[in-house]
Amino acid sequence: MKIHKIKLKNFRQFYGEHTIEFATGAERNVTLIHAENGFGKTTLLNAVLWALFNQLTKKFEDPDKILNFTAEDEGEHLASVEVEFEFNKTNYLVSRYFDKTKTNKDKTTLQAYKIESGAHKAMDAPFTFISSVVPAEMAKYFFFDGEAAEAFSSAKNYKEIRIAIRSILGCELADTAIEDLRDMSKQITKNIGQIAGESEIQKIETNLSKTLEEIERAKQIKKDIEDDIEIFRYQRNELAEKLTNMEESKNIQALRQEKKSRCIQVKTDIKEIHRNIIAWIGQEGIHVISQKISKETLNFIDEESIKGKIPSPYNEDFVKELLEKEVCICKRQLNPGTEEWKSVADLLRNAANAEILGRIVRARARISNFREKCVDAITSIEKQNKKLADKIQIQNRLEQEIAELGKKIEDLPISEISEMERARRKLDKKIQEENQKIGGIRVKINELENIASRLEDALIKASEKNKKAGKLVKRRNLVSKSLELLTSMLEAYEQKARETLQKEINGILDEVAHKDFKCHLNSNFAIELRLADERPSPKSGGENQLLSLVFIASLVKYSASRIDDEKRILKPGTIAPLVLDAPLGQLDTTYQGSTVKYVPTLAEQVVLLLSSGQGGEGVLEALEPYIGAEYLLISQNKASKGKKPEVKRILHGREHLCTLFDCPKNMTSIERI
Amino acid sequence: MTHQIEDGTVKKFLKEIMDIERIYEKELKNAKSARQSELKELLDKFASKELDDENS
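Not measured: the values here are computed from a predicted model.

What counts, and where the lines are drawn
- Residues numbered from 1 in each chain as written.
- Chains lettered and ligands numbered in written order.
- Predicted model: local features only at pLDDT ≥ 70, side-chain atom pairs only at ≥ 80, totals over all residues.
- Heavy atoms only, no water.
- Helix = DSSP H or I, 4+ residues; strand = E, 2+ residues; numbered from the N terminus.
- Buried < 20%, exposed > 50% of the residue type's maximum accessible area, 1.4 Å probe, protein only.
- Areas by Shrake-Rupley, 256 points an atom, 1.4 Å probe, with all protein chains shown as cover.
- Contact = heavy atoms within 4.5 Å.
- Buried area = accessible area lost by both parts, 1.4 Å probe.
- Salt bridge = Lys/Arg side-chain N within 4 Å of Asp/Glu carboxyl O.
- Polar contact = N/O pair within 3.5 Å; in protein donor to acceptor, adjacent residues only side chain to side chain.
- Nonpolar A, V, L, I, M, F, W, Y, C, P; charged D, E, K, R; others polar.
- Expected span 1.5 Å × (residues − 1).
- Arc of directions from axis to C-beta.
- Disulfide = S-S within 2.5 Å.
- Pairing = 2+ DSSP bridges.
- Axes fitted to C-alpha atoms, helices over the stretch in contact; angles between N-to-C directions.
- Phe/Tyr/Trp six-rings, centres within 6.5 Å; stacked < 30°, edge-to-face > 60°.
- Parallel < 35°, antiparallel > 145°, perpendicular 65-115°, else oblique.

Asker: Would you explain the overall build of chain A in this entry?
Answerer: A count of helical and extended segments in chain A gives 18 helices and 17 strands. Considering chain A as a whole, with its 673 residues, one finds that 46% of them fall into the buried category. When the accessible area of chain A is evaluated, it comes to approximately 35300 Å², of which 51% is carbon and sulfur surface.

Structure (structure tokens):
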């Protein structure tokens, strides 16, 4: 999708009609709109969002006051926004109207037209059509309010980030399917319990329903605790960052962070040793376990050999020769079929031959090898145990030192610092307690799932005698399995998206960030910046905004990469313009220049709405090769200038007045530069 | 478990569920509509064809 132009009529401060034509070039793909605060940047962003999706950003004040006040005073009752765009090589026009005379439900109307050879052909289902161009749930990430970017860097950022990723993935359809499958499962379970005359089935069904409800409740509690932990973790890290930045505590805090990093490394080493020990049990354990039996077996073979029992003292060839010659070793005649002949022939059963001799040699060699390996295995496990004991000792020492350093900070004679440290320790304790709770809940869920599985088996068994029940059980089984499959597919998609986005974000950060940090998009979707040594990096306001901007940029790129993705479970991605309102507000001038240089590459079409604080010379210079259209919003005021300062902008060497006084109306006008 | 269902059958059923969800995807979330009854109908038809044998 590429927007060609928008036309506003009496929309908020834009009195009368105003048109903006957007840059659509392959090289010059940026439209730059300059405006001071309050002149209408956010209104323009909202005009497009409103026209296409009937959405408005969170910070858009008085969302029900769409009609321009002056126009309203003059008796106008209509406001509108038209968006003309290209999609799949065809042009379309979407218009949304606001009519103040209509009741709430009918206040806004939407129309869409296909433009063919200059003629406008009305479309039957405009909303459905727009949703197929850019799904409504993805819209706010393409039409992005930079001033609201802190949503991605706050304590609860993981929620916003997960919502954003799931929206771009297009999970909505699958989510509805999950809800529907759950409802179907509940209904079938209820129907099973209502089968007349089957008290056993009813009893099992009641217990099963109760158990499944308990599992759902326990899972929800676990999720709530995980959310709490995430918030505590964020608050704790913030306090730790503040302590690092305070002169009096920074040395101790830095030392503590260093020890914490070492402690994390030691814990990782301990986990690795535990893994080695488990691997040892699988590979070498058998040699140690069989140590006694192999010793006894070898002794047995040796003893029997000495006694002459292994191998047998009778050689097979020798016995065969006696039978063939029909003469015993004692010279007695051996007539076939006689008792004497049978006695000698019986010796063949245990007589030694080349194969048996070979087997004995191989058995002896194998057992000896086992015994040698046992010695090596014991040496190896002793080494691992020693390593483990050393690491545990180091871990205990480090934890003690960390606690002592914490106490030192707490004892500093500055109340603000000691209070912060106490609060940090409290949060640490809370996190520990909540983690313990989660451990308990995991065990409970596991037990309940085992009970549910047994009850399901019992239900299947009981229903075998009842045809109707049997059919219902089969249906419920099918629905449960489908639910499991869909849930696991969604989790896998989310996981893949998380990994791809993390890579994408780090790729952008490598080019624009001034510090050597990496972004980590955790398994619970919390986003954080970490320094090269894995410590969380304290973030300034600017870095928070940078991270949010880079996250949005990565989402937009990811969406474009998914345009041809599988469409069965998820919605495919989309290509749409990236409209950024005030994306550079908190960045310093160096960051603004390096970041904005990257923006034109983020999407096929980019619209930047910038105030003078963000659109300085450095930014304009970086964007110059990409600008295809440029506008300035001018505030016109009926009032006289009086003592008010003049607001001017110098753009490309020319001075522009941004506020005009003694004008016939209060309004914002749009001037193309 | 006596009533084991083949993975292929589950995938096929899920595909049909998603086909119905896609037909109704533009309607309001959580809206009570023909979707639920169509899903129920699908379950009955699918199960009769794929799961219920003559002797059960």
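Once you've had a look at it, read on.
Asker: Looking at this structure, how should I read the interface of chain B and chain A?
Answerer: As a measure of interface size, the accessible area lost when the parts come together is often cited. Counting residues at the interface gives 30 residues for chain B and 33 residues for chain A. Interface area, chain B with chain A, both sides summed: about 3100 Å², of which 66% is carbon and sulfur. Its salt-bridge partner being Asp 180 of chain A, residue Arg 35 of chain B comes within 2.8 Å of it at the nearest N-O pair. Here chain B and chain A share two residue pairs in polar contact (both at pLDDT 80 or more) between them. Sort the elements by how many residues they give to the side of chain B that touches chain A and helix H1 (residues 7–23) of chain B lands first, with ten residues. Across the side of chain B that touches chain A, the residue classes break down as twelve nonpolar, six polar and twelve charged.

Asker: Got a minute to help me understand helix H2 (residues 34–50) of chain B in this structure?
Answerer: Within an α-helix, residues lying three or four positions from one another point in the same direction, as the helix has 3.6 residues per turn. For H2 of chain B, spanning 17 residues, the distance from its first C-alpha to its last is 24 Å, which sits close to the expected 24 Å at 1.5 Å a residue. Residues of H2 of chain B that are buried: Arg 35, Leu 39, Leu 42, Leu 43, Phe 46 and Ala 47 of chain B. Within H2 of chain B, the buried residues cover an arc of 115° as seen down the axis, which keeps them to one side. Opposite the packed face of H2 of chain B, turned more than 90 degrees from it, sit the exposed residues Lys 45 and Lys 49 of chain B. Each element contacted by the buried residues of H2 of chain B is listed here: helix H6 (172–193) and helix H15 (467–512) of chain A together with H1 of chain B.

Asker: For this particular structure, what's the right way to read the state of the cysteines?
Answerer: All names here are of chain A. Within this structure, the stated rule accounts for zero disulfides over all chains. Between Cys 330, a free cysteine, and Cys 328, which holds the nearest cysteine sulfur, the sulfur-to-sulfur gap is 3.5 Å. With a relative accessible area of 47%, Cys 330 lands in the partly exposed category.

Asker: How should I be thinking about the sheet that holds strand S5 (residues 90–99) of chain A in this particular structure?
Answerer: Pairing between the strands of a sheet comes from backbone hydrogen bonds, and it takes one of two forms, parallel or antiparallel. Residue and element names in this part refer to chain A. With respect to topology, six strands assemble into an open sheet ordered S2-S1-S4-S5-S6-S7, the strand pairing being antiparallel. Looking at strand neighbours, the two that pair on one side only are strand S2 (14–21) and strand S7 (119–122), the edges of this open sheet. Within the sheet, the average angular offset between the axes of one strand and its neighbour, ignoring direction, is 20°. Relative to S2, strand S1 (residues 2–11) runs antiparallel, the two being bridged by six bridges. Paired with Lys 7 across the strands is Thr 19, a residue of S2. Contacts between helix H1 (residues 41–53) and the sheet are confined to S1, S2, strand S4 (78–87), S5 and strand S6 (108–116), with S1 contributing the most and set at about 100° to the helix.

Asker: Honestly, the packing of helix H13 (residues 354–410) of chain A against helix H14 (residues 415–463) of chain A in this entry has me stumped. Any pointers?
Answerer: Helices that pack against each other are described as a pair by the angle of their axes relative to one another and the distance between those axes. All names here are of chain A. At a minimum axis distance of 7 Å, the contact between H13 and H14 shows a crossing angle of 145°. Residue-level contacts link Ala 403, Gly 406, Lys 407, Ile 409 and Glu 410 of H13 to Ile 417, Ser 418, Glu 421, Arg 422 and Arg 425 of H14. Each residue belonging to the contact of H13 with H14 can be placed in one class, and the counts come to three nonpolar, two polar and five charged.

Asker: When you look at the packing of aromatic side chains in this model, what are you seeing that I'm missing?
Answerer: All names here are of chain A. One pass over the full model with this rule turns up six aromatic pairs over all chains. Relative to Trp 50, the ring of Phe 11 lies with its centre 5.4 Å away and its plane at 45°, an arrangement referred to as tilted. With Phe 11 in strand S1 and Trp 50 in helix H1, the pair connects residues that are 39 residues apart, well separated along the chain. Neither Phe 11 nor Trp 50 differs from the other in exposure class; each is buried. The rings of Phe 85, Tyr 92 and Phe 129 are connected pair by pair, giving a single aromatic cluster.

Asker: Help me out: how do you make sense of the packing of H15 of chain A against H1 of chain B in this one?
Answerer: As a packed pair, H15 of chain A and H1 of chain B sit with axes 9 Å apart at the nearest point and diverge in direction by 75°. Comparing the axis directions of H15 of chain A and H1 of chain B gives the class roughly perpendicular. Residues Leu 478, Val 479, Lys 481, Ser 482, Leu 485, Leu 486 and Met 489 of chain A of H15 of chain A pack against Val 10, Lys 11, Phe 13, Leu 14 and Met 18 of chain B of H1 of chain B. Residue classes in the contact of H15 of chain A with H1 of chain B are distributed as nine nonpolar, one polar and two charged.

Asker: Would you explain the pairing of S6 of chain A in this entry?
Answerer: The side chains of a regular strand alternate, first on one face of the sheet and then on the other. Residue and element names in this part refer to chain A. Note that S5 and S6 share eight bridges and pair antiparallel. Across the sheet, the residue bridging to Tyr 92 is Lys 114, located in S6. Bridging between S6 and S7 involves four bridges; their strand directions are antiparallel. By the bridge assignment, Glu 116 is partnered in S7 with Ala 119. Where S6 folds back on S7, the antiparallel hairpin that results is connected by two residues, among which Ser 117 adopts a positive phi of roughly 50°.

Asker: Is there a simple way to think about unusual backbone geometry in this case?
Answerer: Excluding glycine, most residues fall at negative phi; most peptide bonds, likewise, are trans. All names here are of chain A. A positive phi angle is found at Asp 62, which is not glycine, with a value near 45°. Mapped onto the secondary structure, Asp 62 falls in the loop between H1 and helix H2 (69–73). You will see that Asn 88, though not glycine, has its phi angle at about 50°, which is positive. Residue position: Asn 88 is located in the loop between S4 and S5.

Asker: I'm lost on H1 of chain A in this one. Help?
Answerer: The terminal C-alpha atoms of H1 of chain A lie 18 Å apart, and with 13 residues this matches the ideal 18 Å at 1.5 Å per residue to within 8%. Looking only at H1 of chain A, the buried set comprises Lys 41, Thr 43, Leu 44, Leu 45, Asn 46, Ala 47, Val 48, Leu 49, Trp 50, Ala 51, Leu 52 and Phe 53 of chain A.

Asker: What exactly am I supposed to notice about the side chain of Ser 167 of chain A here?
Answerer: Residue placement: Ser 167 of chain A occurs in helix H5 (residues 157–169). With near-sequence residues (within four places) excluded, Ser 167 of chain A lies in contact with Glu 137, Met 138 and Tyr 141 of chain A.

Asker: Honestly, the pattern of salt bridges in this entry has me stumped. Any pointers?
Answerer: Should the charged atoms of two oppositely charged side chains come close, the side chains can pair. All names here are of chain A. Scanning the entire structure with this criterion turns up 50 salt bridges over all chains. A salt bridge links Lys 102 to Asp 99; the shortest N-O distance between them is 3.8 Å. Among the salt bridges present, the one from Arg 364 reaches Asp 302, with a minimum N-O distance of 2.3 Å. Linking Arg 364 in helix H13 with Asp 302 in helix H10 (residues 291–307), this pair joins segments that are 62 residues apart in sequence. On the accessibility criterion, Arg 364 (30% relative accessible area) is partly exposed. Taking the relative accessible area as the measure of exposure, Asp 302 reaches 30% and is therefore partly exposed. Taken together, the shared-partner salt bridges in this structure form one network comprising Arg 236, Arg 256, Glu 421, Arg 424 and Asp 428.

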